[in-house]
Amino acid sequence: MLQVAVIGSGTMGNGIAHVFAQHGFPVHLIDISQPALDKALGTIGKNLDRQVAKGTLTETDKTDTLGRITAFTSLPDGVRNAQLVVEAATENEALKLQIFRDLDQHAPAEAILASNTSSISITKIAAATQRPQQVIGMHFMNPVPVMKLVEVIRGYATSDEVTAQVMDLSRQLGKTPTEVNDYPGFVANRILMPMINEAIYSLFEGVAGVEEIDTVMKLGMAHPMGPLQLADFIGLDVCLAILRVLHDGLGNPKYAPCPLLVNMVMAGRLGVKSGEGFYTWGHGTKDLVVAERFRK
């Protein structure tokens, strides 16, 4: 079975490790922080417990899945025997470029190097390596164990063979892979982020309140959650970073981030991860509570 290494143990990284391990792949989960790795393994365990409670996994499946994941704080040790590496670090271009330089040095020459980036150019990431034909985007959706889509992004030099292999691997995970080309925002975020940005503009310009905007999209467009709630869930800092990639890469003013979004990120109001965005979080209930600033 293919040896997989996942770099980054945050929300996306631990979800990716979970899914690979659940489907029989040995996984090396890599992070510079041991406490972060411990937290990630705890999260994977809790998510597996939910699957057991729903009857979609057995206790034996859970034990076997956890047994396939090994944690590493050393990148060279973690990727030494990897045949596929999936980078799921913070959405920061400089950090990702450095990780791929390191991977090019330490991962086996035949290894496929994939990035879970949601917007950063795969071609640019690949150019940081001596194996651009083996670099590809493998953009999972959050929460990874639940969402079926994998956006497979071909860089300028990505080979047909690598693309076909990653498409097949995605199917082995029970996912539906969709092949796209390497342009700013790819497909998912090129469409999603302008919608979120327009929802924030609608709030900023006083068209409607937080609850009203989200209600229109949930009940009128059959979205499972409104765009402002979704922005909180994604992270307002991540939304801002993606919009800046779109704005810079495409040069179109329609992608310019709303000033309210910029101010909220500067103020540290990042959504779920900080406890407050358009809504407040961490109050121990499933109720949606609009942040005090936006209450009428």
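Rules used in this analysis
Residues numbered from 1 in each chain as written. Predicted model: local features only at pLDDT ≥ 70, side-chain atom pairs only at ≥ 80, totals over all residues. Heavy atoms only, no water. UniProt positions renumbered as here; feature names shortened; annotations may be inferred. Helix = DSSP H or I, 4+ residues; strand = E, 2+ residues; numbered from the N terminus. Salt bridge = Lys/Arg side-chain N within 4 Å of Asp/Glu carboxyl O. Buried < 20%, exposed > 50% of the residue type's maximum accessible area, 1.4 Å probe, protein only. 1 Å grid on protein atoms, 1.4 Å probe; cavity = no way out; pocket = protein on both sides within 12 Å on 5 of 7 lines; lining within 4 Å. Points joined across faces, edges and corners; volume = space filled by probe spheres on them. Nonpolar A, V, L, I, M, F, W, Y, C, P; charged D, E, K, R; others polar. Pairing = 2+ DSSP bridges. Right-handed = clockwise from strand over helix to strand, strands pointing away. Axes fitted to C-alpha atoms, helices over the stretch in contact; angles between N-to-C directions. Contact = heavy atoms within 4.5 Å. Left-handed = near helix turned anticlockwise from the far one by under 90°. Phe/Tyr/Trp six-rings, centres within 6.5 Å; stacked < 30°, edge-to-face > 60°.

On to the UniProt feature "domain: 3-hydroxyacyl-CoA dehydrogenase C-terminal" (unreviewed entry) in the protein chain. As annotated in UniProt, the feature "domain: 3-hydroxyacyl-CoA dehydrogenase C-terminal" (unreviewed entry) corresponds to residues 185-281 in the numbering used here. Secondary structure within residues 185-281 divides into 62% helix and 2% strand; the distance between the first and last C-alpha atoms comes to 28 Å.

Turning to the pattern of salt bridges, a few remarks are in order. A full pass over the atoms with the stated rule returns ten salt bridges. Notably, a salt bridge pairs Lys62 with Asp49, separated by 2.6 Å at the nearest N-O pair. Pair noted here: Lys62 is in helix H3 (residues 59-67) and Asp49 is in helix H2 (residues 34-54), with a separation of 13 residues, a long-range link. Given a relative accessible area of 17%, Lys62 falls into the buried group. Salt bridges linked by common partners bring Glu87, Glu91 and Lys96 together as one network.

Remark: the empty space left among the atoms is shown by a probe the size of a water molecule rolled over them. Its volume calculated, the second largest pocket comes out at about 300 Å³. Residues belonging to the lining of the second largest pocket are distributed by class as follows: four nonpolar, two polar and two charged.

So, about the pairing of strand S1 (residues 4-7). Regular strands have side chains that alternate between both faces of the sheet. On S1, burial covers both faces: Val4 and Val6 on one face and Ala5 and Ile7 on the other are all buried. Bridge count between S1 and strand S2 (residues 27-30): four bridges; the pairing is parallel. In the sheet register, Val6 faces S2, and the bridge partner there is Leu29. Handedness of the crossover joining S1 and S2 through helix H1 (residues 11-22) is recorded here as right-handed. The pairing of S1 with strand S4 (residues 84-87) spans four bridges and is classified as parallel. By the bridge assignment for S4, Ala5 is matched with Val85.

In this section: the sheet that holds S1. Strand order in the open sheet formed by eight strands is S3-S2-S1-S4-S5-S6-S7-S8, with mixed pairing between adjacent strands. The open sheet has two edge strands with one neighbour each: strand S3 (69-72) and strand S8 (176-181). Averaged over all pairs of adjacent strands, the angle between their axes in this sheet comes to 25°, without regard to strand direction. Summarising the sheet, S4 and strand S5 (residues 112-115) pair through four bridges and their orientation is parallel. Across the sheet, the residue bridging to Leu84 is Ile112, located in S5. Of the strands in this sheet, S4, S5, strand S6 (135-140), strand S7 (149-154) and S8 are in contact with helix H7 (residues 160-172), which crosses S7 at around 175°.

Running from amino to carboxyl end, helix H8 (residues 188-204) crosses helix H10 (residues 227-234) at an angle of 115°, the nearest separation of the two axes being 9 Å. Seen from above, H8 lies across H10 with left-handed handedness. From H8, Leu192, Met193, Met195, Ile196, Ala199, Ile200 and Leu203 reach across to H10, where they touch Pro227, Leu228, Leu230, Ala231 and Ile234. In the contact of H8 with H10, the residues fall into twelve nonpolar, no polar and no charged.

Within the structure shown, the criterion is met by five aromatic pairs. An angle of 70° between the planes, with centres 6.5 Å apart, marks the rings of Phe20 and Phe140 as edge-to-face. With Phe20 in helix H1 and Phe140 in strand S6, the pair connects residues that are 120 residues apart, well separated along the chain. Assigned by exposure class, Phe20 and Phe140 land together as buried.

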